[in-house]
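Single-letter residue listing:
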Amino acid sequence: MAKFIGTVEEFIAIFGGTLLTKAVSHYTRRYKKMVKTCTHPGCNKRTCLEAAHNHENNSDRLAYAESIINCYYPSDANGNREIDLDDFMKKFFYVHLPLNKSIKALCKDHHSNFDKGVKRPTLSLEEIEKKVNNAPKNVDFNANLLPIIKCKNVDSYRIDYMPDKTTFLNNLQSSSVFFCHIYITDGLGTVITKKWITKPGNLSENNLDRNIRSNSFVKTYKGNIERIVVSMDEDPEK
């Protein structure tokens, strides 16, 4: 098993722009295809999407690496660490899950603008440990991730409304914008969020479920949907 012996600074200097960058590119290849378009508001570019670490959620490639090392690999009297690279790379993958929290799929221009002036965050070691412990362990991070599970009944997924369907419909009377959060059956907890703009009165108790299931964006993932959460908030957990 390959091991690195040296300081945190040496590890970052050697692997930060090479191994770790390529690893993130590998992790996010399929995720970017699922998102389909640049997620910057108003941008519809669909080609050459890049994986930007979402600093709004304190996601940062080098900060993740430093925190993992500080959390799991103690230093000797000279500040050197002995790091099992295979073990490290598993943990590095785990802290990125779910990808929709740590990564934004952006076109090159919006990725560059998003990263301007961003300082590397200081991450809590407790949070890093929690991410590692809570990550699904049935994923081969060296392979093409977990194959998406096909549902036998493609329309068997449930639709949840936040906080409930009646309240959601009432909120639509004063707002024409809501969000569909599609939970994908990939074993990674991946959520794809779609902003939906409607006209007042277009959606009702009688046609709401049908309109969501028949939407072209939703149908893209037909057979790969665990559930859909519909809310007025862009964050599916709110």
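Residues numbered from 1 in each chain as written. Predicted model: local features only at pLDDT ≥ 70, side-chain atom pairs only at ≥ 80, totals over all residues. Heavy atoms only, no water.

Moving on to the sheet that holds strand β6 (residues 177-184). Overall, mixed pairing links the 4 strands, which are arranged β5-β8-β6-β7 in an open sheet. Two strands in the sheet have a free side with no partner beyond their single neighbour: β5 (158-161) and β7 (191-197). Within this sheet the neighbouring strands show an average axis-to-axis angle of 20°, counted without direction. Across 4 bridges, the pairing between β5 and strand β8 (residues 225-231) is parallel. Bridge pairing links Arg 158 to Arg 227 in β8. (Pairing = 2+ DSSP bridges. Helix = DSSP H or I, 4+ residues; strand = E, 2+ residues; numbered from the N terminus. Axes fitted to C-alpha atoms, helices over the stretch in contact; angles between N-to-C directions.)

Moving on to helix α2 (residues 19-35). Here α2 is 17 residues long and its end C-alpha atoms lie 24 Å apart, about the 24 Å a rise of 1.5 Å per residue gives. Its axis deflected by about 45° at Thr 28, α2 carries its strongest bend there. Every buried residue of α2 is listed here: Leu 20, Ala 23, Val 24, Tyr 27, Thr 28, Arg 30, Tyr 31, Lys 32, Met 34 and Val 35. Positioned one or two residues after α2, Lys 36 has a phi angle of 80°, which is positive. (Expected span 1.5 Å × (residues − 1). Bend = angle between axes of the 7 residues up to and from the residue. Buried < 20%, exposed > 50% of the residue type's maximum accessible area, 1.4 Å probe, protein only.)

Attention now goes to the nonpolar core. Counting 65 residues, the largest nonpolar core has Phe 11, Phe 88, Phe 92, Ile 212, Ile 228 and Val 230 as the members making the most contacts within it. Top contributing element to this core by residue count: α2, with 7 residues. The residues contacting Ile 212, other than those within four sequence positions of it, are Ile 159, Tyr 161, Cys 180, Trp 196, Val 218, Ile 228 and Val 230. (Core = buried A, V, L, I, M, F, W, Y, C linked by side-chain atoms within 4.5 Å. Contact = heavy atoms within 4.5 Å.)

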